[in-house]
Amino acid sequence: MDRISSHSVDPRRLLWPAGLVMPMVVPACLGALALGAPTWAVALTPLVLLFGVCTALDHLFGRDHRNVSLETAMDLEGDPYYRTLLFVVTGLFVLSLLLACGIVASGVFGPVQTFLFGWGLGLIHAPLVLIGHELGHARSTRDRRLARVALGLIAYGHFSIEHNAGHHVHVATPRDPASARYGESIYRFARREIPGVFLGALRAGRARLVRKGAGVWHWRNTILQSWVVTALMAGTVTLAFGPVALEFYALLCASVWFTISMANYTAHYGIARRRIDGRREPCRPEHSWNSSFFFSNLLFFNLQRHSDHHTNAQKPFQTLNDVDGAPELPSGSPGVFALMLVPPLWYAIIHPILMQALDGDESRLNTGRQA
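Residues numbered from 1 in each chain as written. Predicted model: local features only at pLDDT ≥ 70, side-chain atom pairs only at ≥ 80, totals over all residues. Heavy atoms only, no water.

**What about the overall build of the chain?**
Okay, so step 1: A tally of helices and strands in the chain yields 15 helices and two strands.
Okay, so step 2: Scaling as 2.2 N^0.38, a compact globule of 371 residues should have a C-alpha radius of gyration of about 21 Å, and the chain matches this with 20 Å.
Okay, so step 3: Taking the principal axes of the C-alpha coordinates as reference, the chain spans close to 60 × 55 × 45 Å.
Okay, so step 4: Every one of the 371 residues in the chain was classed for burial, and the buried ones make up 56%.
Okay, so step 5: Nonlocal contacts in the chain, meaning residues at least 24 apart in sequence, comprise 75% of its contacts between residues at least 6 apart. (Helix = DSSP H or I, 4+ residues; strand = E, 2+ residues; numbered from the N terminus. Rg over C-alpha atoms; globule rule 2.2 N^0.38 Å. Buried < 20%, exposed > 50% of the residue type's maximum accessible area, 1.4 Å probe, protein only. Contact = heavy atoms within 4.5 Å.)

As structure tokens, this is what we get:
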């Protein structure tokens, strides 16, 4: 199939504001509570919207293999519309976090409802990491600063430095904590990935500061800069709504961390870059899972066009291509997130697709044992 289409403009230009839907979930929940909606229904709304509605819309709208032409991509890279959209979404997420903490602090939910609401909102607020991911690759100092703010809002400030210095170097190898191994469940992966990424970020950050002749506590430490944002957010929540809200904020952040583990799990599951003449082969499209489902790519700013991102890390989301040669996920991120929560079901569906993509060559599997 020819996946390349030439367009004079971005065919999705007017649709990218779909990403605004995510931070508007909490205001919608607040409105529902004000109208007397049952608390259980409101507590479950984020989970139902992501796992149910978004997955259904993905399969209703189907896949989208369209790419913009090279000439159009060059124009889109300089268009401020896309960066402005990311800035607006970040601001809306700040409001969403505060409103969510206020709802829980009001005492409207019981403990189980609070947990389910927090878990669901972790899924809903995970795009803050995607914004940090997008802007963390940018050349602009302003954009990289906003990346640290976005990540700091959900206490994930270490992400950018490890992602750039670690993941992009060791992707699809046993050395990368963010590359899931064949037969590894999401739960085992998260226990390995979350501390591995955190410690890798601290090592990379320290090495960077040493090269600059600075200490760990220097103001140039970008991880500390992002943690300042986290401290300010935590302090604001506590002062505004009390310690109950702070506990919920911690729950929400933990849920975001697990959600990003889910995203990382799907991105390179089971795939290894082989050793050739003692060296790892270059990262190519076949080393990343892609999903071409139209709706979730709008929601997640083309995160699912992951192969092109690893080939061209500084390409902005609006110009990422759907490339040939990459294994294709059977659903968008919401659907595969639901699948992986039941590991036997995940293995039954993904392993045949994976082995077909690897032409049955088990030497191309990341089992964690390769030297």
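From this point, the narrative continues.
**Digging into the side chain of Arg83**
Okay, so step 1: By the element assignment, Arg83 lies in helix α4 (residues 80–105).
Okay, so step 2: Here Arg83 falls in the buried class, since its relative accessible area comes to 17%.
Okay, so step 3: Not counting residues up to four positions away in its chain, the partners in contact with Arg83 are Glu134, Leu135, Ala138, Asp143 and Pro316.

**Comments concerning the packing of helix α2 (residues 39–61) against helix α5 (residues 111–125)**
Okay, so step 1: The geometry of α2 relative to α5 is characterised by a closest axis approach of 8 Å and an angle of 30° between their N-to-C directions. With respect to their mutual orientation, α2 and α5 come out roughly parallel. As for the relative orientation of α2 and α5, their crossing is left-handed in sense. Taken together, the residues of α5 that come into contact with α2 (itself represented by Thr39, Trp40, Val42, Ala43, Leu44, Pro46, Leu47, Leu50 and Phe51) are Val112, Gln113, Leu116, Phe117, Trp119, Gly120, Leu121, Leu123 and Ile124. (Axes fitted to C-alpha atoms, helices over the stretch in contact; angles between N-to-C directions. Parallel < 35°, antiparallel > 145°, perpendicular 65-115°, else oblique. Left-handed = near helix turned anticlockwise from the far one by under 90°.)

**Some thoughts on the layout of surface pockets**
Okay, so step 1: The calculated volume of the largest pocket comes to roughly 440 Å³.
Okay, so step 2: Residue lining of the largest pocket: 17 residues in total, with Arg144, Arg148, Arg208, Thr222 and Gln225 positioned closest to the centre.
Okay, so step 3: At five residues, the largest contribution of residues to the lining of the largest pocket is made by helix α7 (residues 141–152).
Okay, so step 4: If you trace the second largest pocket, you find 18 residues lining it, with Glu77, Arg83, Arg139, Gln314 and Pro316 closest to the centre. (1 Å grid on protein atoms, 1.4 Å probe; cavity = no way out; pocket = protein on both sides within 12 Å on 5 of 7 lines; lining within 4 Å. Points joined across faces, edges and corners; volume = space filled by probe spheres on them.)

**Brief notes about a nonpolar patch on the surface**
Okay, so step 1: The grouping of Trp40, Leu44, Val48, Leu49, Val53 and Val112 at the surface amounts to a nonpolar patch, some 480 Å² of accessible area in total.
Okay, so step 2: Ranked by the residues each element gives to the nonpolar patch, the list is headed by α2, at five residues.
Okay, so step 3: Note on placement: Trp40 falls in helix α2.
Okay, so step 4: Classification of Trp40 by relative accessible area gives partly exposed; the value is 44%. (Patch = residues over 30% accessible without salt bridge, like charges linked within 9 Å, V, L, I, M, F, W, Y side chains within 5 Å. Areas by Shrake-Rupley, 256 points an atom, 1.4 Å probe, with all protein chains shown as cover. Salt bridge = Lys/Arg side-chain N within 4 Å of Asp/Glu carboxyl O.)

**Re empty space enclosed by the protein**
Okay, so step 1: Overall, the coordinates contain five cavities of 30 Å³ or more when judged by the stated rule.
Okay, so step 2: Here the largest cavity is characterised by a volume of approximately 290 Å³.
Okay, so step 3: Lining of the largest cavity is provided by 27 residues; of these, Ala263, Asn264, Ala267, Leu303 and His306 occupy positions nearest its centre.
Okay, so step 4: Elements that contribute at least two residues to the lining of the largest cavity include exactly α6 (127–136), α8 (159–170), α9 (186–211), α11 (243–268) and α14 (333–340).
Okay, so step 5: Per-element tally for the lining of the largest cavity: the top contributor is α11, with five residues.
Okay, so step 6: Grouping the amino acids of the lining of the largest cavity by side-chain chemistry returns 13 nonpolar, twelve polar and two charged. (Nonpolar A, V, L, I, M, F, W, Y, C, P; charged D, E, K, R; others polar.)

**Examining the pattern of salt bridges**
Pairs can form between side chains of opposite charge once their charged atoms are near each other.
Okay, so step 1: By the definition in use, this model includes 15 salt bridges.
Okay, so step 2: Among the salt bridges present, the one from Arg83 reaches Glu134, with a minimum N-O distance of 3.6 Å. Of this pair, Arg83 sits in helix α4 while Glu134 sits in helix α6, and the two are 51 residues apart along the sequence. Each member of the pair, Arg83 together with Glu134, is buried.
Okay, so step 3: Between Arg274 and Asp361 there is a salt bridge, and its shortest N-O distance comes to 3.5 Å.

**Quick word on the nonpolar core**
Okay, so step 1: Membership of the largest hydrophobic core comes to 89 residues, with the highest contact counts inside it found for Phe117 and Ile154.
Okay, so step 2: Among the elements that make up this core, the one with the highest residue count is α11 (twelve residues).
Okay, so step 3: Beyond its immediate chain neighbours, meaning those up to four positions away, Phe117 contacts Cys29, Val42, Ala43, Pro46, Ala100, Ile103, Val104, Phe109 and Phe248. (Core = buried A, V, L, I, M, F, W, Y, C linked by side-chain atoms within 4.5 Å.)

**Topic: helix α15 (residues 343–357)**
Okay, so step 1: Over its 15 residues, α15 extends 20 Å from the first C-alpha to the last, a length consistent with the 21 Å expected when each residue adds 1.5 Å.
Okay, so step 2: By the largest-angle criterion, Ile350 marks the main kink of α15, which is about 30°, and a proline, Pro352, follows within four residues.
Okay, so step 3: Residues of α15 that are buried include every one of Pro343, Trp346, Ile350, His351, Leu354 and Met355, and no others.
Okay, so step 4: Looking at the buried side of α15, the elements it contacts are α9, α11 and α14.
Okay, so step 5: Downstream of α15 by one or two residues, Asp359 has phi in the positive range, about 55°. (Expected span 1.5 Å × (residues − 1). Bend = angle between axes of the 7 residues up to and from the residue.)

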